[in-house]
Amino acid sequence: MRDIVGIFASGLCLVHCVLTPVLPALGGLGFLGRFLEEGLLHLALLVPALILALASFPTSCRHHQRHAIMVVGFSGALLLIVALYLTGIWEILVSIVGAGLLIMAHWINRRLILRMAPAD
């Protein structure tokens, strides 16, 4: 279940990263534009993604022994943290890659755990 919620949380980060530069181009400034660029929103999206990564990958990797999943997931999380300190196109690109790596790691992690589950 943690991986599903992790995919959702990382997906929200990804959607935010894509929509933030697109909305002003479409005339979506105003309150929504300011809200999407708010630093607290970045933390509100990042903290759950980090907690879910920490809760999911180490435990799961002990079971399926594919530690590369944890490396990919934590690399994505690290990129999201680094993106907090970047601006402009670099912030967007690093955030998209980081969120994408987290989503991919959660997806593969979930598939590996389901393969190990006993059949009902």
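Reading the values: the criteria
Residues numbered from 1 in each chain as written. Predicted model: local features only at pLDDT ≥ 70, side-chain atom pairs only at ≥ 80, totals over all residues. Heavy atoms only, no water. Helix = DSSP H or I, 4+ residues; strand = E, 2+ residues; numbered from the N terminus. Buried < 20%, exposed > 50% of the residue type's maximum accessible area, 1.4 Å probe, protein only. Contact = heavy atoms within 4.5 Å. Phe/Tyr/Trp six-rings, centres within 6.5 Å; stacked < 30°, edge-to-face > 60°. Axes fitted to C-alpha atoms, helices over the stretch in contact; angles between N-to-C directions. Parallel < 35°, antiparallel > 145°, perpendicular 65-115°, else oblique. Left-handed = near helix turned anticlockwise from the far one by under 90°. Nonpolar A, V, L, I, M, F, W, Y, C, P; charged D, E, K, R; others polar. Expected span 1.5 Å × (residues − 1). Core = buried A, V, L, I, M, F, W, Y, C linked by side-chain atoms within 4.5 Å.

**Topic: the overall build of the protein chain**
And then number 1: On a plain count of helices and strands, the protein chain comes out with five helices and zero strands.
And then number 2: Scanning the protein chain from its N terminus toward the C terminus, one meets helices and strands in the order α-α-α-α-α.
And then number 3: Looking at the protein chain as a whole, 33% of its 120 residues are labelled buried.
And then number 4: Sequence separation of 24 or more characterises 72% of the internal contacts of the protein chain that already satisfy a separation of 6 or more.

**Regarding the side chain of S60**
And then number 1: Assignment of secondary structure puts S60 in helix α3 (residues 39-64).
And then number 2: S60 sits in the buried class, given a relative accessible area of 7%.
And then number 3: What S60 contacts, discounting residues up to four positions off in sequence, is N109 and I113.

**Looking at the packing of aromatic side chains**
And then number 1: The final tally for this structure, using the stated rule, is one aromatic pair.
And then number 2: Each ring, one from F57 and one from F74, has its centre 5.9 Å from the other, and the planes form 85°; the classification is edge-to-face. Taken as a pair, F57 in helix α3 and F74 in helix α4 (residues 67-83) lie far apart in primary sequence, 17 residues in all.

**With respect to the packing of α4 against helix α5 (residues 88-116)**
And then number 1: Where α4 contacts α5, the two axes come as close as 7 Å, and the packing angle between them is 155°. Taken as axis vectors, α4 and α5 run roughly antiparallel relative to one another. Seen along the crossing, α4 lies across α5 with a hand that is left-handed.
And then number 2: The residue makeup of the contact of α4 with α5, split by class, is 15 nonpolar, six polar and one charged.

**Concerning α5**
Since the α-helix advances by 3.6 residues per turn, residues separated by three or four positions end up pointing in the same direction.
And then number 1: In a regular helix each residue adds 1.5 Å, so 29 residues correspond to 42 Å; α5 covers 43 Å between its end C-alpha atoms and thus fits that length.
And then number 2: By the burial criterion, the buried members of α5 are V94, S95, G98, A99, L102, A105, H106, N109 and L112.

**A word on the nonpolar core**
And then number 1: Ranked by size, the top nonpolar core spans 17 residues in total, and within it C13, F57, I69, L80 and L102 carry the most contacts.
And then number 2: Counting only elements with at least two residues in this core, the list comes to α1 (2-25), α3, α4 and α5.
And then number 3: For this core, the element with the most residues is α3, which contributes eight residues.
And then number 4: Filtering out sequence-adjacent residues up to four positions away, L80 remains in contact with C13, L46, S95, G98, A99 and L102.

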